[in-house]
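# Close look at the chain arrangement
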Amino acid sequence: MIQPLAYIHPQAKIADNVVIEPFVTIHKDVEIGEGTWIGSNSVIMDGARIGKNCRIFPGAVVSAPPQDLKYRGEPSTVTIGDNTVIRECVTLNRGTALDKNTTTIGSNCLLMAYVHVAHDCIIGDNVIIANAVQLAGHINIYDHAFIGGTSAVHQFVEIGAHCMVSGGSLVRKDVPPFTKAGREPLSYIGINSVGLRRRGFSAETINEIQEIYRIIFLKKYNITKALDIIEAEFNPTVERDEIINFVQNSQRGIMKGFGNS
């Protein structure tokens, strides 16, 4: 299952049933789970921790040193969960000691061609990142988010669960969970109702999420006043509390409502 034209360091840890195509380079401090396929001309560098049944397409570079001038060569990692697909020419940089010391990609993710994930990013499970998206360092993307092609995301931004970000977006502010984001500057354009229905959210829950975001984005309240109203008028639910916690803990501030930016 390992082609003779591939170079694999003898101390790399390769599980059973891994397929490694010709001209792959695998460095010393690497672990690859069973059932994973590594396409031709991929480079898997020190610190890579790749799960089971992943597919890494030709030209990808996994666990390259971070493009951070503060990095001094300290050991760090890139961790990829099970069943994740890394398409052609994706670049994944490992973490730095000044932050998390790791870059994490969850399970069941799809990173399309030419995506770049910089140091110390955390990407949740079931995330789709379309072609040529560029993620700066220290970004958090939560489960089931979708980032449209050629978008650029500023360092330290957080993108909530079940979000959909329009292609070509410049993401400078945090995107709260369950929302759709688009236009320039990036603004709230509704909730991701189609995605929520596909994932089993009830009509009642979707309507509640929509009402909460009307208060945050469309009623002209400041954030503190909007959150006070939401806590007073809506019974505690998982979704309500997730929205409140995300907005309260936002370090960069959340995107604005359309027309209020």
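Residues numbered from 1 in each chain as written. Predicted model: local features only at pLDDT ≥ 70, side-chain atom pairs only at ≥ 80, totals over all residues. Heavy atoms only, no water.

Under an unreviewed UniProt entry, the name given to the chain is Acyl-[acyl-carrier-protein]--UDP-N-acetylglucosamine O-acyltransferase, and the organism recorded is Mucilaginibacter mallensis.

At a closest axis distance of 9 Å, the pairing of helix H2 (residues 203-218) and helix H3 (residues 223-233) adopts a crossing angle of 155°. One way to sum up the angle between H2 and H3 is to call them roughly antiparallel. With respect to the hand of their crossing, H2 and H3 are arranged in right-handed fashion. Each of Ile212, Ile215 and Ile216 in H2 lies in contact with H3, whose residues at this interface are Ile223, Ala226, Ile229, Ile230 and Glu233. (Axes fitted to C-alpha atoms, helices over the stretch in contact; angles between N-to-C directions. Helix = DSSP H or I, 4+ residues; strand = E, 2+ residues; numbered from the N terminus. Parallel < 35°, antiparallel > 145°, perpendicular 65-115°, else oblique. Left-handed = near helix turned anticlockwise from the far one by under 90°. Contact = heavy atoms within 4.5 Å.)

What follows deals with the UniProt feature "domain: UDP N-acetylglucosamine O-acyltransferase C-terminal" (unreviewed entry) in the chain. Those places that UniProt annotates as "domain: UDP N-acetylglucosamine O-acyltransferase C-terminal" (unreviewed entry) correspond, in this numbering, to residues 174-255. In the segment residues 174-255, helix accounts for 54% and strand for 11%; the C-alpha atoms at its two ends are 6 Å apart. (UniProt positions renumbered as here; feature names shortened; annotations may be inferred.)

It is worth spelling out the domain arrangement of the chain at this point. It is common to give the size of an interface as the accessible area lost on bringing the parts into contact. You can read the domains of the chain as domain 1 (5-137) and domain 2 (194-255). With centres defined by C-alpha atoms, the gap from domain 1 to domain 2 works out at 35 Å. (Domains from an automatic or database assignment.)

Moving on: helix H4 (residues 238-248). Those residues of H4 that sit buried are Glu239, Arg240, Ile243, Ile244, Phe246 and Val247. The buried residues of H4 occupy an angular sector of 165° when projected down its axis, which confines them to one face. Buried residues in H4 make contact with strand S23 (158-159), H2 and H3. (Buried < 20%, exposed > 50% of the residue type's maximum accessible area, 1.4 Å probe, protein only. Arc of directions from axis to C-beta.)

Where charged atoms from two side chains of opposite charge come close, those side chains can pair. Under the definition given, this model contains 8 salt bridges. Of the charged contacts in the structure, one is a salt bridge between glutamate 31 and arginine 49, with a shortest N-O distance of 3.8 Å. Taken together, the positions of glutamate 31 in strand S5 (residues 31-32) and arginine 49 in strand S8 (residues 48-50) put the pair 18 residues apart, joining distant regions of the chain. Residue class for arginine 49 comes out partly exposed when judged on its relative accessible area of 21%. Of the charged contacts in the structure, one is a salt bridge between glutamate 184 and arginine 172, with a shortest N-O distance of 3.2 Å. (Salt bridge = Lys/Arg side-chain N within 4 Å of Asp/Glu carboxyl O.)

Our next topic: unusual backbone geometry. Here the amide bond leading from glutamate 184 into proline 185 is cis, since omega sits at 0°, within 30 degrees of zero. Position of proline 185 relative to the elements: it lies in the loop between strand S26 (179-182) and strand S27 (187-191). Despite not being glycine, asparagine 108 has its phi angle at roughly 60°, a positive value. Assessed through its relative accessible area of 40%, asparagine 108 is described here as partly exposed.

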